[in-house]
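Residue strings, one per chain:
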Amino acid sequence: MSRKVKKLKGSHQGESCFIIGNGPSLTVEDLNMLKNQANFSCNRINLLLDKTDWMPYYYTFTDSLMASTFFDEVYKMEKKKMFVVVSNTSYNSLKKQLGKDCIFLRSYYEVENNGLPKFSDDVSKKIFQHGTVTFANIQLAAYMGFKNIYLLGVDHNFGISKQKDGSINYNKELIGRDHFDENYYKSVEHSKEAAVNVYAMTEAYLSAKDYCDKRGVKIFNATRGGKLEVFQRVNFDDLFDDNGELIREVKTLNSIEFENEGQQRKSINFS
């Protein structure tokens, strides 16, 4: 059990947060709108920090290769807490290698009877990983008590993608350009040519939706474009009033959802 994570349980009860992906739709302008919002970011988001007023709040690695390659440059970022979620087999070696003041969590792969990956009830004991770091961040957000979770920059669209039947799809326009920065894969061998298991990501999102729907946690997709249709879409621009404040009324495609415990936007202290 992680005592550090245990302290975070329910720490954001009833609040809203943004989980930020690394897709090509992610922009500096949109990130700047989130500079006072609780957020989860991941992987190589540091490549944008010289251009933004925004900074990470919670930050997560789940890719052991990426963590071991880029850990030092990411660790220098200003942030509140950093999570490194690694498989049970590489946990000890990677924790020893990195040895920094961040929260290390062992990840597991387990599935429900319906074939979807398990979603953790208590990430201090066990967190599940399946296809995408966004799945881990949704588990963390739900554990912390966030009531509304908005996804941004989660395009779910890649240059080379692998389907469940093993077939490979190619989108030549996106190869090497399926993230917000063309230098995203720099120093990681062959990553540009590796097929992404999109079907595994979809399974993870379906699992997250099922778990959160049953517990009154709303997940909205505020990504501009992309191909993720598991969650109700919202227009990112409609989430803010003329003063840039996050509004309490969320306009969705087919309805309007109201926050029962609408929180006023908080100024987040990064110290």
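A brief look at the structure comes next. (Residues numbered from 1 in each chain as written. Predicted model: local features only at pLDDT ≥ 70, side-chain atom pairs only at ≥ 80, totals over all residues. Heavy atoms only, no water.)

**Notes on the overall build of the protein chain**
Rule in force here: To qualify as a helix, a DSSP run of H or I must reach at least 4 residues; to qualify as a strand, a run of E must reach at least 2; elements of each kind are numbered from the N terminus. Burial status follows relative accessibility: with a 1.4 Å probe on protein chains alone, a residue under 20% of its type maximum counts as buried, one over 50% as exposed, and anything between as partly exposed. Residue contacts follow a heavy-atom distance rule, with two residues in contact if any of their heavy atoms lie within 4.5 Å. Residue exposure ignores everything except the shown protein chains as possible cover, and the areas themselves are Shrake-Rupley values with a 1.4 Å probe.
Within the protein chain, the regular secondary structure consists of six helices and 14 strands. Here the protein chain holds 271 residues, and 53% of them are scored as buried. The contacts of the protein chain with a sequence gap of at least 6 include a subset with a gap of at least 24, amounting to 54%. Entry remark: accessible area of the protein chain is about 13300 Å², with carbon and sulfur atoms responsible for 44%.

**Some details on the state of the cysteines**
Quick note on the threshold: To count as a disulfide, a pair of cysteine sulfur atoms needs to be within 2.5 Å.
A full pass over the atoms with the stated rule returns zero disulfides. The thiol of C17 is unpaired, and the distance to the nearest cysteine sulfur, on C212, comes to 9.9 Å.

**Side note on the side chain of H156**
The condition that has to hold: Under the rule applied, a polar contact is a pair of N or O atoms within 3.5 Å (in protein, one hydrogen donor and one hydrogen acceptor; residues adjacent in sequence only if both atoms are side-chain atoms).
Mapped onto the secondary structure, H156 falls in the loop between strand 7 (148–152) and strand 8 (160–162). Side chain to side chain, H156 and T202 meet in a polar contact 2.9 Å long. Ignoring sequence-local partners within four residues, the contact set of H156 consists of V198, M201, T202, Y205, K227 and L228.

**Quick notes on the pattern of salt bridges**
Heads up, the rule is: One side-chain nitrogen of Lys or Arg within 4 Å of one carboxyl oxygen of Asp or Glu is enough to make a salt bridge.
Inspection of the entire model under this criterion finds 11 salt bridges. When the shortest N-O distance is used, the salt bridge between R224 and D30 registers 2.7 Å. Within this pair, whereas R224 is found in the loop between strand 11 (218–221) and strand 12 (232–233), its partner D30 is found in helix 2 (residues 28–32), the two being separated by 194 residues in sequence. R224 gets classed as partly exposed once you look at its relative accessible area, which sits at 34%. When its relative accessible area of 6% is taken as the criterion, D30 is described as buried. Residue D210 is joined to K214 by a salt bridge in which the shortest nitrogen-to-oxygen separation is 3.3 Å. With D210 and K214 both in helix 6 (residues 198–214) and four residues apart, the pair spans about one turn of that helix.

**Observations concerning the pairing of strand 3 (residues 58–61)**
Basically, it comes down to this: What makes two strands pair is DSSP finding at least two bridges between them.
Alternating residues of strand 3 divide into Y58 and T60 and Y59 and F61, and every residue in both groups is buried. The pairing of strand 2 (residues 39–42) with strand 3 spans three bridges and is parallel. When the sheet's bridge partners are listed, C42 is paired in strand 3 with T60.

**With respect to the sheet that holds strand 8**
Judged by pairing direction, the sheet is mixed, and its three strands sit side by side in the order 9-8-10 without closing on themselves. Strands at the two margins of the open sheet, each flanked by one partner only, are strand 9 (168–170) and strand 10 (196–197). With two bridges connecting them, strand 8 and strand 10 associate as parallel partners. Opposite K162, over in strand 10, you have N197 as the bridge partner.

**What about the nonpolar core?**
Test applied: Nine residue types can take part in a nonpolar core, namely buried Ala, Val, Leu, Ile, Met, Phe, Trp, Tyr and Cys, and a core is a set of them joined through side-chain atoms within 4.5 Å.
Within the largest apolar cluster, 42 residues are counted, with the highest numbers of intra-cluster contacts made by F40, F83, I138, I149 and L151. Within the residue set of this core, elements represented by two or more residues are strand 1 (16–20), strand 4 (81–87), strand 5 (103–108), strand 6 (127–128), helix 5 (133–144), strand 7 and helix 6. Among the elements that take part in this core, helix 5 stands out by supplying eight residues, more than any other. Leaving out residues up to four positions away in the same chain, I138 has contacts with I19, F119, I149, L151, A208, C212 and I219.

**Concerning the environment of D237**
With respect to the secondary-structure elements, D237 resides in the loop between strand 12 and strand 13 (249–251). Separated by 207 residues in the primary sequence, D237 and D30 have C-alpha atoms spaced 8.8 Å apart. In terms of polar contacts, D237 uses its side chain to reach the side chain of R224, at 2.8 Å.

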